[in-house]
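# Coordinate analysis (summary)
One-letter residues, chain by chain:
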Amino acid sequence: MPAQGFLGTGASFRADMNLVAQVLMGVTLVAGALLARRKLFTAHGICQATVLLLNVVMIGWLMWPSFQQQVLPPLPEHLGERYYAVAVIHAMLGGAAELLGLYIAVVAGTNLLPQRLRFQRWKLWMRVELVLWWAVIFTGIGVYLLWYGSTGLP
Ligand code: HEM
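Residues numbered from 1 in each chain as written. Predicted model: local features only at pLDDT ≥ 70, side-chain atom pairs only at ≥ 80, totals over all residues. Heavy atoms only, no water.

On to the confidence of the model for the protein chain, then. Per-residue confidence for the protein chain gives a mean pLDDT of 94, with 97% of residues at or over 70. Model confidence for the protein chain, summarised as mean pLDDT per element, is weakest for helix H3 (residues 75-78) at 89 and strongest for helix H1 (residues 13-37) at 98. (pLDDT = per-residue confidence, 0-100. Helix = DSSP H or I, 4+ residues; strand = E, 2+ residues; numbered from the N terminus.)

A few words now on the side chain of Asp16. With respect to the helices and strands, Asp16 occurs in helix H1. In this structure Asp16 is buried but unpaired, with Arg14 as the nearest side chain of opposite charge at 11 Å. Dropping the residues within four chain positions of it, Asp16 is found in contact with Gly5, Phe6, Leu7, Thr9, Ala11 and Tyr144. (Buried < 20%, exposed > 50% of the residue type's maximum accessible area, 1.4 Å probe, protein only. Lys, Arg positive; Asp, Glu negative; His and termini not counted. Salt bridge = Lys/Arg side-chain N within 4 Å of Asp/Glu carboxyl O. Contact = heavy atoms within 4.5 Å.)

With that out of the way, let us pick up the coordination of the iron atom of the ligand. For the iron atom of the ligand, every protein donor is listed as Met63 (SD) and His90 (NE2), and the spread of their distances is 2.0 to 2.2 Å. Around the iron atom of the ligand sit six donor atoms, and with donor-metal-donor angles ranging over 87 to 180° the site reads as octahedral. Taken together, the residues span a long stretch of sequence, with Met63 in helix H2 (residues 41-71) and His90 in helix H4 (residues 82-109) at a distance of 27 residues. Residue classification places His90 among the buried residues on the basis of a relative accessible area of 15%. (Donors = N, O, S within 2.8 Å, 3.2 Å for Na, K, Ca; no water. Tetrahedral: all angles 85-135°; square planar, octahedral: opposite > 155°, others 65-115°.)

The immediate surroundings of the ligand are formed by 23 residues, with Asn18, Met63, Ser66, His90 and Tyr148 found nearest. Asn18 places a side-chain nitrogen or oxygen 3.0 Å from an oxygen atom of the ligand. Ser66 is positioned with one of its side-chain polar atoms (N or O) 2.7 Å from an oxygen atom of the ligand. For the shell around the ligand, the elements supplying multiple residues, two or more each, are H1, H2, H4 and helix H5 (122-148). Tallying contributions element by element places H5 first for the shell around the ligand, with eight residues. Residue classes in the shell around the ligand are distributed as 15 nonpolar, eight polar and no charged. (Near = heavy atom within 4 Å. Polar contact = N/O pair within 3.5 Å; in protein donor to acceptor, adjacent residues only side chain to side chain. Nonpolar A, V, L, I, M, F, W, Y, C, P; charged D, E, K, R; others polar.)

What follows deals with the nonpolar core. Note that soluble globular proteins tend to have their nonpolar side chains buried in a common cluster. The biggest cluster of nonpolar side chains holds 16 residues, and the ones touching the most others in it are Val51, Ala97, Leu132 and Trp133. At the level of elements, H1, H2, H4 and H5 are the ones that each hand at least two residues to this core. Ranked by residues supplied to this core, first place goes to H5 with five residues. Every residue in contact with Val51, bar those within four places of it in the chain, is listed here: Met25, Thr28, Leu29 and Trp133. In this structure, Leu75, Ala87, Val143 and Trp147 belong to the second largest nonpolar core, which totals ten residues. (Core = buried A, V, L, I, M, F, W, Y, C linked by side-chain atoms within 4.5 Å.)

Looking now at H2. Of all the bends in H2, the greatest, near 45°, is centred on Ile59. Taken together, the buried positions of H2 are occupied by His44, Cys47, Gln48, Val51, Leu52, Asn55, Met58, Leu62, Pro65, Phe67 and Val71. Here the buried face of H2 lies against H1, H3, H4 and H5. (Bend = angle between axes of the 7 residues up to and from the residue.)

We now examine the packing of aromatic side chains. Tallied over the entire structure, the rule returns nine aromatic pairs. Between Trp64 and Phe67, the ring centres sit 5.9 Å apart and the planes meet at 35°, which makes this aromatic pair tilted. Of the two residues, Trp64 and Phe67 are both situated in helix H2; the distance of three residues between them amounts to about one turn of the helix. Given a relative accessible area of 42%, Trp64 falls into the partly exposed group. The exposure class of Phe67 is buried, given its relative accessible area of 14%. Positioned over the ring face of Trp61 is Arg14, at 5.4 Å from the centre of the ring. (Phe/Tyr/Trp six-rings, centres within 6.5 Å; stacked < 30°, edge-to-face > 60°. Lys NZ or Arg CZ within 6 Å of the ring centre and 35° of its normal.)

As structure tokens, this is what we get:
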């Protein structure tokens, strides 16, 4: 039996902690974007990269195992149900946001990639990433509400 959460929804402690951590990390990314606006680029890079790497840990430790156990096995017969469909959309957008973030971090922070694989329009891609990231947070909140809200039965 997983430890009881603290948000009063009947979700596990892990799910509640993930929800709070994800919203805090999303707010931190917005704060990090404001650092770039003030031309504090080193602080900006450290801030965004820290959130990005922390989220790799959250995905590997919590979200991927949950997806693998709760969503993947029943998926073929149940994709049409909201409970699973929202989780699949969330996982695909979340995977894309994490990969795009890692790519941006490698281009912005290192010289590992050859010129033809590097983008020039830094601001554009970073803005796209921030918007995508928040869309993923909202779909994650959707998963949380569907799974643990008052109608949270599959
Ligand atoms: C930028 C990347 C991501 C963000 C910001 C994000 C955010 C969130 C948020 C806010 C929740 C709700 C809290 C919860 O129910 O635990 C959540 C849940 C979840 N996410 Fe993500 N997520 C991301 C990537 C992913 C990826 C790549 C996967 C799939 C491999 C995934 C699968 C899940 C699953 C299965 C849940 C429900 C976990 C549970 O409650 O047991 N997420 N996510």
